[in-house]
Amino acid sequence: MSSMTKPSPPAVAVQPAAQPVRARKSRTDPLYYFFLLPSLVIFTLAVTLPAVLGFIYSFTNSVGFGDAEFIGFRNFIAVFRDEGILSAYGFTLSFALVTVIVVNAVAFLLALGLTSRVRFRTALRTVFVIPMVISGIVIAFVFQYLFSNSLPLAGQALGIGPLSTSILANPDLAWLAIVFVTAWQSIPSAMLIYIAGLLTVPAEVYEASSLDGASPWHNLRHITLPLVAGYAVINTVLGFKNYLNAYDIIVGLTDGGPGVSTRSVAMAIFRGFEGGDYAYQMANAVIFFLISIVIALIQLRFTRGKGGIAA
Amino acid sequence: MSDATRTIPAGPVSTRKRRTTAATERINRPATALLIVCTLGVLVPLYVTISMAFKTTGQAVDGNAFSLPSPLTLDSFTQAWTLTNFPRGFAISVFVSVIAVAGEIIVSALAAYAIVRNWDRRLFRWSFFYLLAAMFIPFPVVALPQIQLTGMAGLDNPLGVAILHIVFALAFNTMLFTAFLRSIPLELEESMRMDGAGTWRVFWKLIFPLLGPMSATVGIFAFIASWNDFMMPSLIISDPEMQTIPVLQKIFQTQFSNSYNIAFASYLMAMAPAIIVYLLTQRWVMSGLTQGAVK
């Protein structure tokens, strides 16, 4: 890099676009290190250090305090044989997948609606964004009341068997309530991202296309969808990241129940302080981390093939 | 939806302000009606929360969530206020949010400035990617050691939670700020340096004010995230008396028992501040999210 050379005459400093900063100073103002320091220090102490410690602990039989010894991969092997943990993974992954699909579908439709020529566009958008700013656990408590009191009443009145009792108490249906409330809260941010995406499509494209006699369906299929594909990927990546860590809403709705049917991986990990499971749950956390990374990489790979925009 | 009904809304999210003339604007009535019906999905739960909060305990237990309160009473609010010790919870939540907001803005803006201006230095470049790595480390993965460490450091309190909020938002915020800083021409800064201003002065007098809109976005999201969070405070803060408002809802859930009116009054007081802040600042909420996505 050119900055490695001695103080250069001003003429050399003029370099083509991208990084206009380059090659100006040969010595860095020490104050810049001071600017960078707080973030590096808190990040290292609060994330890197715990991550390294946790990784080391996962190979021990520690209960969170006192002496511990290395036991190799025994925790990891045990995790793979633990039905409770495997079911938490099963629940979390399928919940995340279903929620991503529901959120993207609804958010995209709302965004289409809000970018079309509707009345009260701003007011409607204001209302649709509200769920994003409400605490997950608080709204989960509100829905918990509705699911366990109001919905059964409606189910009884309409004679729908499965709905006539609280779906939160039904091990087969409780996850649907969690998908519903999570989607309720997550749709706004996905919707705003889709709106941003739809606004990048120039109106002329549609005009030209309709002059050629294309149907609205054709436009949606061949112009809108390909152009917002990149935004769909952003929503999927961000969504998966959030849903895999699902916690607040589940605590408010079912607290993992009935039984352990809706216990997420995060809830399983947090039980590490109960019953001396510390190192064991750290092994679980390491596995969870690797799975999250793999899912993120798969999604990014998939994007490249689709030619989406850079996330 | 037909192509003729499309337009580009002129709002804070659109960078190109292009509007078709009013004459060609045809309002899509079916779509409007459909969207209005859809708002019920948002409004009904909020309506239930508000109406339940104003009911008497007698009416609240009758099972009809959708009835209007009669008689209308403020009793549930006073009871929820004293039962959960709302003023204390509120003060603690405000404390956490203020530190998270100020910290997220200042720490990430400083780091982003240092990184952008020294991109040719390996240390700064690598620091950037190091900080970005945080995006791939979710809280649950490091939670257990973190709980231990915060306990050992005497940070198992609201201050510790505020710091963790700053840390977990660091990657995203630094990315937003660096993207924005790259678009600020260096000439502005150089004329100021010509006049003898040092880096410190340049940052606070020139760069930080220029970052204003981005800081607003970062700050609002910091507020919403820290005000609403349950996971971190519930695990990090060891003393229940020092808990934030969302965690208090969980702690008092059993004590609310069948006094749904008191529970809902408490929920309403918990969600109101974030909704109010959102309604007052929506411009930045909208633009911030889309900037974050596109950059």
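Residues numbered from 1 in each chain as written. Chains lettered and ligands numbered in written order. Predicted model: local features only at pLDDT ≥ 70, side-chain atom pairs only at ≥ 80, totals over all residues.

K.L.:
What's the story with the overall build of chain A in this structure? I'm lost.
P.N.:
Each helix and strand in chain A was counted, giving 12 helices and zero strands. Reading the helices (α) and strands (β) of chain A from amino to carboxyl end gives α-α-α-α-α-α-α-α-α-α-α-α. Across the 311 residues that make up chain A, the buried fraction comes to 42%. (Helix = DSSP H or I, 4+ residues; strand = E, 2+ residues; numbered from the N terminus. Buried ≥ 20, exposed ≤ 12 C-beta atoms within 10 Å, placed from the backbone.)

K.L.:
Where do I start with the overall build of chain B in this structure?
P.N.:
In terms of regular secondary structure, chain B is built from 14 helices and zero strands. By the burial criterion, 47% of the 295 residues in chain B qualify as buried. If you take every contact in chain B between residues at least 6 apart in sequence, the share linking residues at least 24 apart comes to 74%. (Contact = placed C-beta atoms within 7 Å.)

K.L.:
Just to check I follow, could you spell out the interface of chain A and chain B for this structure?
P.N.:
It is common to give the size of an interface as the accessible area lost on bringing the parts into contact. At the junction of the two partners, chain A supplies 92 residues and chain B supplies 90 residues. For the side of chain A that touches chain B, the leading source of residues is helix α2 (residues 30-57) of chain A, giving 17 residues. Along the lines of polarity and charge, the residues of the side of chain A that touches chain B split into 62 nonpolar, 23 polar and seven charged. (Nonpolar A, V, L, I, M, F, W, Y, C, P; charged D, E, K, R; others polar.)

K.L.:
Looking at this model, I keep getting lost on the environment of B:Met192. Mind explaining?
P.N.:
On the secondary structure map, B:Met192 appears in helix α8 (residues 186-194). Sequence-distant contacts of B:Met192, defined by excluding residues within four places in its chain, comprise B:Ala197, B:Val202 and B:Leu206.

K.L.:
Any chance you could explain the domain arrangement of chain B here in plain terms?
P.N.:
When the domains of chain B are assigned, the result is domain 1 (12-60) and domain 2 (84-251). One C-alpha centre belongs to domain 1 of chain B, the other to domain 2 of chain B; they are set 33 Å apart. (Domains from an automatic or database assignment.)

K.L.:
Teacher, can you tell me more about the confidence of the model for chain B here?
P.N.:
Interpretation of this model should avoid reading the predicted coordinates in detail wherever pLDDT is low. Residue and element names in this part refer to chain B. Mean pLDDT over chain B: 87, with 89% of residues reaching 70 or higher. Per-element mean pLDDT across chain B ranges from 84 in helix α14 (residues 260-294) up to 96 in helix α4 (residues 86-117). A low-confidence stretch, residues 1-23 (pLDDT under 50), is modelled with 46 contacts involving residues beyond four sequence positions or located in other chains. Scored as a complex, the prediction yields pTM 0.86 and ipTM 0.87. (pLDDT = per-residue confidence, 0-100.)

K.L.:
Can you help me understand the nonpolar core in this one?
P.N.:
A general trend in soluble globular proteins is that nonpolar side chains are found buried together. Grouped together as the largest cluster of nonpolar side chains are 169 residues, with contacts concentrated most on A:Ile178, A:Met191 and A:Tyr194. Looking at this core, the element that brings in the most residues is helix α7 (residues 174-199) of chain A, giving 17 residues. When residues of this core are assigned to domains, at least three map to each of domain 1 (12-60) and domain 2 (84-251) of chain B. Here A:Met191 is in contact with A:Ala107, A:Leu110, A:Ala111 and A:Phe128, once residues within four sequence places are set aside. (Core = buried A, V, L, I, M, F, W, Y, C linked by C-beta atoms within 7 Å.)

K.L.:
How do you make sense of unusual backbone geometry when you look at a structure like this?
P.N.:
Outside of glycine, negative phi angles account for most residues, and trans bonds account for most peptide bonds. Cis geometry is found at the peptide bond from A:Gly257 to A:Pro258, where omega equals -10°. Cis geometry marks the peptide bond from B:Ser70 to B:Pro71, where omega comes out at -5°. By the secondary structure assignment, B:Pro71 is in the loop between α2 (57-60) and α3 (75-83). Positive phi values are uncommon outside glycine, yet B:Asn85 reaches one of about 50°. Structurally, the position occupied by B:Asn85 is in the loop between α3 and α4.

K.L.:
Help me out: how do you make sense of the environment of A:Gln156 in this one?
P.N.:
Mapped onto the elements of the fold, A:Gln156 is located in helix α6 (residues 136-158). With 87 residues separating them along the chain, A:Gln156 and A:Tyr243 place their C-alpha atoms 32 Å apart.

K.L.:
Looking at this model, I keep getting lost on the packing of α4(B) against helix α5 (residues 122-132) of chain B. Mind explaining?
P.N.:
When two helices pack together, their arrangement is given by the angle between the helix axes and by the axis-to-axis distance. Residue and element names in this part refer to chain B. It is the contact of α4 with α5, at a shortest axis distance of 8 Å, that shows an interaxial angle of 140°. It follows that α4 is oblique to α5 by the angle criterion. Regarding α4 and α5, the two cross each other, and that crossing is left-handed. The segment α4 lies against α5, with Ala111, Ala114 and Ile115 engaging Phe124, Ser127, Phe128 and Leu131. (Axes fitted to C-alpha atoms, helices over the stretch in contact; angles between N-to-C directions. Parallel < 35°, antiparallel > 145°, perpendicular 65-115°, else oblique. Left-handed = near helix turned anticlockwise from the far one by under 90°.)

K.L.:
Is there a simple way to think about the confidence of the model for chain A in this case?
P.N.:
All names here are of chain A. Put simply, chain A has an average pLDDT of 84, and 88% of its residues get 70 or more. The least confident element of chain A is helix α1 (residues 10-13), whose mean pLDDT is 38; the most confident is helix α10 (residues 248-253), at 95. Predicted confidence is poor over residues 1-25, with pLDDT under 50, and the contacts of this stretch with residues over four places away or in other chains come to 25 contacts. Predicted confidence is poor over residues 306-311, with pLDDT under 50, and the contacts of this stretch with residues over four places away or in other chains come to 10 contacts.

K.L.:
Would you take a moment to explain the packing of α4(B) against helix α7 (residues 158-182) of chain B for this structure?
P.N.:
Residues and elements named next belong to chain B. Close contact between α4 and α7 brings their axes to 7 Å; oriented N to C, the two are set at 35°. Read as a crossing pair, α4 and α7 show a hand that is right-handed. Tallied by class, the residues present in the contact of α4 with α7 amount to 21 nonpolar, six polar and two charged.

K.L.:
Just to check I follow, could you spell out α7(B) for this structure?
P.N.:
Because an α-helix packs 3.6 residues into every turn, residues spaced three or four apart end up facing the same way. Residues and elements named next belong to chain B. Its 25 residues give α7 an end-to-end C-alpha distance of 35 Å, which sits within 8% of 36 Å, the value for a rise of 1.5 Å per residue. When the local axis directions of α7 are compared, the greatest deviation, roughly 55°, occurs at Leu170. For α7, the tally of buried residues reaches 19 of 25 residues, placing the bulk of the element in the interior. (Expected span 1.5 Å × (residues − 1). Bend = angle between axes of the 7 residues up to and from the residue.)

K.L.:
What should I look at first to understand helix α6 (residues 139-152) of chain B in this one?
P.N.:
All names here are of chain B. With 14 residues, α6 should reach 20 Å at 1.5 Å per residue; the first-to-last C-alpha distance of 19 Å fits that figure. Along α6, the largest kink reaches about 45° and is centred on Pro145. For α6, the complete set of buried residues consists of Phe139, Pro140, Val141, Val142, Ala143, Leu144, Pro145, Gln146, Ile147 and Thr150. Just beyond α6, the residue with positive phi is Gly154, at close to 70°.

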